[in-house]
Amino acid sequence: MHGRVKVKSTAQQEEEKRKEREKKLKAFVSARDAVLRKRSAGEHDEEALQLTQQLLSSNPDFATLWNYRREVLLQLETSREKDEVQKLYESELHFIEACLKVNPKSYGCWHHRSWVNTRLPQPDWTRELGLCDRCLSLDERNFHCWDYRRVVVKESGVSVEQELQFTDRLIGSNFSNYSSWHYRSTLLPQLHPQPAPDSASNTSPSPTASPQIHSHRVCEEQLLKEYELAHNAFFTDPNDQSAWFYYRWLLGRAEREEMISCVYVSRERERVSVAFSKPVHAQSEGLMLVLDGQPQQVEWRSTHPRLRHSPVWLCDLPPGSVSDISNEHNLTVHWTEKYTHRDCALYTGCAESWCRDSATDQELFRSELSVEKSSVLQAELQSCNQLLELEPQNKWCLLTIILLMRALDPLGHEKETLAHFQTLKEVDPMRSSYYSDLCSKFLIENTILKMEYAEVRVFSLSNKNLTTLCHLDQLLLVTHINLSSNQLLRLPPQFAMLQCLEVLEADDNAIESLEGLYHLPKLEEVSLRNNQICKLSDLESLASCTKLTRLDLRGNPVHKTANIDSELSQLLPLVTALSL
């Protein structure tokens, strides 16, 4: 048997590996303990650097060692000349680079490198930018490197235009580079900001400006060019999601102006309801109510205890201040932090009054693109429809077509939108619930628009397969709502924003929670036939609706509760017409 290599068994190999690991671990623990003893003793010397270097070279994610290393470097810095400090930190940069080769996504390495450059007398930002380029060429989605690059760009004064060209190169070499698309979305508003509403002309910033200076939306001219770039990307690879996400960001870029969108005042309740364009915390937003020229001391509250930030806030006026129907009153709500206000006149003989912007006037649910450019969007829609013919089951294309249709004409394209949602659920069943919720959102938006065009206060969305409720702040003035024959599971806390609601129909759903039926001052009638209300406690919120007299609970499991009639009579003594 001489001359033959003895083959070790698997058990032998595993045992040797185990012993080798134990040996390395013992050495690591010994070195670690030595380092921690030195730190506890307050020793900040060259030996500490050497010991931490040994440990970090094998495990660069040991944050305590990076902290100790910074302490040592700061101590050594005090006893050295400027040139020596430069060499000390340059050596540190070389060491960090070696650690990054062990783990390119080490939080500690990138943080320490950023710190070292703040200590360098003469940092070489060009070198750092080159390091970022090399790291991103190896892993284009290394978000640690992307974050560090933004620091380097800010410190070195690299222009926004140069960085935008950098994203051009990366996207040009790989359309699937999502990080580049995202970085581009942060650069464009700085280089091509949308002018302020009161701006007389569009003054572009200097191309040499730092990317960290400006923070605006993208001007329309550049936005339309970006459509074409994204268009080229997803036509090249329709199944890659990166360009589709960027395209969706472009379509959804519009932001609502921060303002008071509605003021409603009721004589009977002597109460003012204020709706904002976004959720706010009114108690810290500097709201002031002026009645007939006199500032009022009022206490603002949201419509539900769970809504700390809400788009609708209420306050009670001083008793007797507006109750006399023969008097006329003028109210003004000032939002001092945003330098805006809204007036509301309560005329003689009127029990209520309001002043608001309609969703149709605001184009609340559409992109802020001018009519002149709608032809471009129409061309994009046609192109996406052509792609859909080639890729009929492409979910990204289907969803983008829906968004384009909504940007162009949400009501005119409603039927096609619903058909596309049905197709989406079939081709992407894992996200069926998401598509159902999104479809519900769009249906509610369309119904709000139809309601306002008709100038009525009745909101009807029965038999539409709704799975969620949204935009409830837009229904502040609605008196009658029909949500029957849908797939709703709850009436959320936001439902309490419907301060004018008198009649609610929500039959034939799967509602288990009535949390949102809370302190609705005008609610008189509620129909909840054939839902999933199981316990008497599920109805407790209704006790806060002091005008409720008619309640229909037929077909709910709660009717099996023992002594349900007497229990309900005790819980809701004002209800005179109860159906179980």
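Residues numbered from 1 in each chain as written. Predicted model: local features only at pLDDT ≥ 70, side-chain atom pairs only at ≥ 80, totals over all residues. Heavy atoms only, no water.

You'll find the protein chain entered in an unreviewed UniProt entry as Geranylgeranyl transferase type-2 subunit alpha, with Cyprinus carpio carpio given as the organism. Its UniProt record gives the protein chain the following Catalytic activity (unreviewed entry) comment, quoted word for word: "geranylgeranyl diphosphate + L-cysteinyl-[protein] = S-geranylgeranyl-L-cysteinyl-[protein] + diphosphate". Taken directly from UniProt, the Sequence similarities (unreviewed entry) text for the protein chain runs: "Belongs to the protein prenyltransferase subunit alpha family." (UniProt positions renumbered as here; feature names shortened; annotations may be inferred.)

J.: What's the story with the nonpolar core in this structure? I'm lost.
T.: Considering soluble globular proteins, one finds that nonpolar side chains tend to be buried as a cluster. The biggest cluster of nonpolar side chains holds 128 residues, and the ones touching the most others in it are Phe459, Ile481, Phe495, Leu504 and Leu517. The element that contributes the greatest number of residues to this core is helix 14 (residues 395-408), accounting for eleven residues. Every residue in contact with phenylalanine 459, bar those within four places of it in the chain, is listed here: Ile444, Thr447, Ile448, Met451, Leu475, Val478, His480, Ile481, Asn482 and Leu483. Within the second largest apolar cluster, 22 residues are counted, among which are Val265, Leu317, Val322 and Leu346. (Core = buried A, V, L, I, M, F, W, Y, C linked by side-chain atoms within 4.5 Å. Buried < 20%, exposed > 50% of the residue type's maximum accessible area, 1.4 Å probe, protein only. Helix = DSSP H or I, 4+ residues; strand = E, 2+ residues; numbered from the N terminus. Contact = heavy atoms within 4.5 Å.)

J.: Please clarify how the environment of asparagine 177 should be interpreted in this entry.
T.: Mapped onto the elements of the fold, asparagine 177 is located in the loop between helix 8 (160-173) and helix 9 (178-191). With relative accessibility at 0%, the residue asparagine 177 sits in the buried group. The spacing of asparagine 177 and asparagine 239 is 62 residues in sequence and 14 Å in space, taken between C-alpha atoms. Beyond its immediate chain neighbours, meaning those up to four positions away, asparagine 177 contacts Glu140, Trp146, Leu170 and Ser242. Only 2.9 Å separates the side chain of asparagine 177 from the side chain of serine 180, close enough to count as a polar contact. (Polar contact = N/O pair within 3.5 Å; in protein donor to acceptor, adjacent residues only side chain to side chain.)

J.: Would you mind going over the packing of helix 9 against helix 11 (residues 241-251) with me for this structure?
T.: Between two packed helices, the angle of one axis relative to the other and the distance separating the axes together describe the packing. Closest axis-to-axis distance for the helix 9/helix 11 pair is 9 Å, and the angle between their directions is 20°. What the angle tells us is that helix 9 and helix 11 run roughly parallel. Here the hand of the crossing between helix 9 and helix 11 comes out right-handed. Contacts between helix 9 and helix 11 involve Tyr178, Trp181, Arg184, Ser185 and Leu188 from the first element and Ser242, Ala243, Phe245, Tyr246 and Trp249 from the second. (Axes fitted to C-alpha atoms, helices over the stretch in contact; angles between N-to-C directions. Parallel < 35°, antiparallel > 145°, perpendicular 65-115°, else oblique. Left-handed = near helix turned anticlockwise from the far one by under 90°.)

J.: Honestly, the side chain of glutamate 445 in this entry has me stumped. Any pointers?
T.: If you trace the backbone, glutamate 445 turns up in helix 16 (residues 432-454). Of the residues examined, glutamate 445 reaches a relative accessible area of 3% and is grouped as buried. Not counting residues up to four positions away in its chain, the partners in contact with glutamate 445 are Phe365, Arg406 and His471.

J.: Explanation requested: the pairing of strand 7 (residues 329-335) in the structure shown.
T.: Look at any regular strand and the pattern is simple: side chains alternate between the two faces of the sheet. Of all seven residues in strand 7, five are buried; the element is thus mostly enclosed. Pairing between strand 3 (residues 287-291) and strand 7: five bridges, direction antiparallel. Paired with leucine 287 across the strands is tryptophan 335, a residue of strand 7. Of the strand pairs in this sheet, strand 7 and strand 8 (residues 340-346) are connected by seven bridges, and their pairing is antiparallel. Counterpart to histidine 329 in the pairing with strand 8 is leucine 346. The loop that links strand 7 with its antiparallel partner strand 8 comprises four residues; one of these, tyrosine 339, has a positive phi angle of about 55°. (Pairing = 2+ DSSP bridges.)

J.: Teacher, can you tell me more about the sheet that holds strand 12 (residues 503-505) here?
T.: Paired through their backbone hydrogen bonds, the strands of a sheet run either parallel or antiparallel. With respect to topology, six strands assemble into an open sheet ordered 10-11-12-13-14-15, the strand pairing being parallel. What marks the edges here is a single partner per strand, and that holds for strand 10 (458-460) and strand 15 (577-579). Ignoring which end each strand starts from, the neighbouring axes of this sheet average 5° apart.

J.: Would you mind showing me how to read the sheet that holds strand 7 here?
T.: Strand order in the open sheet made by the four strands is 4-3-7-8, with antiparallel pairing throughout. The open sheet terminates on both sides in strands that have one partner only, identified here as strand 4 (294-296) and strand 8. Taking each pair of neighbouring strands and ignoring which way they run, the sheet shows an average axis angle of 25°.

J.: Sorry, what's going on with the pattern of salt bridges here?
T.: Oppositely charged side chains can pair when the atoms bearing their charge come close. Summed over the entire model, instances satisfying the criterion amount to 38 salt bridges. Note that glutamate 71 is salt-bridged to arginine 39, the shortest N-O span being 2.6 Å. Here glutamate 71 is found in helix 3 (residues 63-77), whereas its partner arginine 39 is found in helix 1 (residues 10-40), with 32 residues between them in sequence. Assessed through its relative accessible area of 30%, glutamate 71 is described here as partly exposed. One salt bridge in this structure joins arginine 490 and glutamate 515, with 3.7 Å as the shortest N-O distance. Pair noted here: arginine 490 is in the loop between strand 11 (480-482) and strand 12 and glutamate 515 is in the loop between strand 12 and strand 13 (525-527), with a separation of 25 residues, a long-range link. Since its relative accessible area comes to 38%, arginine 490 is described here as partly exposed. (Salt bridge = Lys/Arg side-chain N within 4 Å of Asp/Glu carboxyl O.)

J.: Looking at this structure, how should I read the packing of aromatic side chains?
T.: The geometry of an aromatic ring pair comes down to the distance between the two centres and the angle between the two planes. Within this structure, the stated rule accounts for 19 aromatic pairs. Pairwise contacts between aromatic rings join Tyr227, Phe234, Phe235, Trp244 and Tyr247 into one cluster. The side chain of arginine 149 reaches across the aromatic face of phenylalanine 166, ending 3.5 Å from its centre. (Phe/Tyr/Trp six-rings, centres within 6.5 Å; stacked < 30°, edge-to-face > 60°. Lys NZ or Arg CZ within 6 Å of the ring centre and 35° of its normal.)

J.: How should I be thinking about unusual backbone geometry in this particular structure?
T.: Backbone phi values are negative for most residues with the exception of glycine, while trans is the configuration of most peptide bonds. Of note, the phi angle at tyrosine 339 is positive, near 55°, even though the residue is not glycine. Structurally, tyrosine 339 is set in the loop between strand 7 and strand 8. Relative accessible area serves as the criterion here: at 79%, tyrosine 339 is assigned to the exposed category. One non-glycine residue, asparagine 563, adopts positive backbone phi at about 55°. With respect to the helices and strands, the residue asparagine 563 is situated in the loop between strand 14 (550-552) and helix 17 (564-571).

J.: Before we go on, may I ask you to explain the packing of helix 7 (residues 143-156) against helix 8 in this structure?
T.: Direction vectors running N to C along helix 7 and helix 8 enclose 150°, while the axes themselves pass 13 Å from each other. Accordingly, the angle class assigned to the pair helix 7 and helix 8 is roughly antiparallel. The residues of helix 8 that touch helix 7, namely those facing Trp146, Arg149 and Val153, are Glu163, Phe166 and Leu170. Here the residues of the contact of helix 7 with helix 8 are counted per class, giving four nonpolar, no polar and two charged. (Nonpolar A, V, L, I, M, F, W, Y, C, P; charged D, E, K, R; others polar.)

J.: Would you take a moment to explain the confidence of the model for the protein chain for this structure?
T.: It should be kept in mind that the predicted coordinates are not to be read in detail where pLDDT is low. Summary statistics for the protein chain give a mean pLDDT of 87 and a share of 92% for residues scoring 70 or more. With pLDDT under 50 throughout, residues 199-215 is counted as low confidence; its partners more than four residues away or in other chains account for 32 contacts. (pLDDT = per-residue confidence, 0-100.)

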